[in-house]
Amino acid sequence: MVRVMLICNAGMSTAMLAQKINKYSDGYCYVEALGEGEYEEHIEDFDIVLVGPQIRHLIPSIKKVVNNRIPVSYINPVDYGMMKVDHVIAQIKEILEG
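Each chain carries its own residue numbering, running from 1 in the written order of its sequence. Under the rules for a predicted model, residues below a pLDDT of 70 receive no local features and side-chain atom pairs below 80 are neither given nor counted, while totals for whole chains, interfaces and linings still include all residues. Water and hydrogen atoms were dropped before computing side-chain values, which therefore reflect all heavy atoms in the structure.

Visitor: Just give me the short version of the pairing of strand 1 (residues 2–8), but keep the residues and values in it.
Guide: With respect to burial, strand 1 is a largely interior element, six of its seven residues being buried. Strand direction decides the pairing type here: strand 1 and strand 2 (residues 29–35), joined by seven bridges, are parallel. The residue of strand 2 that forms the bridge with Leu6 is Ala33. Pairing between strands is defined by DSSP: at least two bridges between them are needed. The numbering of helices and of strands both runs from the N terminus, where a helix is a DSSP run of H or I of at least 4 residues and a strand a run of E of at least 2. The sheet contact formed by strand 1 and strand 3 (residues 48–51) spans four bridges and is parallel. The residue bridging Val4 from the neighbouring strand is Ile48, located in strand 3. The classification of residues rests on relative accessible area computed with a 1.4 Å probe and restricted to protein chains. Under 20% of the type maximum is buried, over 50% is exposed, and intermediate values are partly exposed.

Visitor: I'd like a description of helix 4 (residues 85–97), backed by residues and values.
Guide: Taking 1.5 Å per residue, 13 residues should reach 18 Å; helix 4 reaches 18 Å between its end C-alpha atoms and fits that length. Of the surrounding elements, those touching the buried residues of helix 4 are strand 1, helix 1 (12–24), strand 2, strand 3, strand 4 (72–74) and helix 3 (77–81). What a helix is expected to span follows from its residue count: subtract one and scale by 1.5 Å. Should any heavy atoms of two residues lie within 4.5 Å, those residues are counted as being in contact.

Visitor: Now, about the pattern of salt bridges: what can you tell me, with residues and values included?
Guide: Put simply, a salt bridge is a Lys or Arg side-chain nitrogen that is within 4 Å of an Asp or Glu carboxyl oxygen. For the structure on display, the rule yields two salt bridges. Notably, a salt bridge pairs Glu32 with Arg3, separated by 3.9 Å at the nearest N-O pair. Separated by 29 residues along the polypeptide, Glu32 in strand 2 and Arg3 in strand 1 bring together distant segments of the chain.

Visitor: Requested: an account of the packing of aromatic side chains, with residues and values cited.
Guide: Aromatic ring pairs are reported here in terms of the distance separating the ring centres and the angle at which the planes meet. Between 30 and 60 degrees the pair is tilted, below 30 it is stacked and above 60 it is edge-to-face, where a pair is any two Phe, Tyr or Trp rings, Trp via its six-membered ring, whose centres lie within 6.5 Å. Evaluation of the coordinates by the stated rule reveals zero aromatic pairs. Here, a charge over a ring means that NZ of Lys or CZ of Arg falls within 6 Å of the ring centre while also lying within 35 degrees of the ring normal. Between Arg3 and the ring centre of Phe46, over which it is positioned, the NZ or CZ distance is 4.6 Å. Lying across the ring of Tyr74, Arg56 places its NZ or CZ 5.1 Å from the centre.

None of this, on its own, says anything about what the molecule does.
What follows is the structure, encoded as structure tokens:
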């Protein structure tokens, strides 16, 4: 099972998206939503980091923290806003297999 950290700015929609991904990924991945102030202490426990589009400006600083050990990307704003779970799961697979 792929462990995915979803970093957000503490919005409720991010937690809802994480729950939906967990439900519909058929055991492929487990997503945990964490706020932008908490990710550093937990980042080593994950296989991939996805960032909510509203805070994608943090990607350079997150990449410094993981030092290229973990892939870091952001969710397409439309997929995030419309909660297109299948698109996000496909993105996770593409990043890891890519």
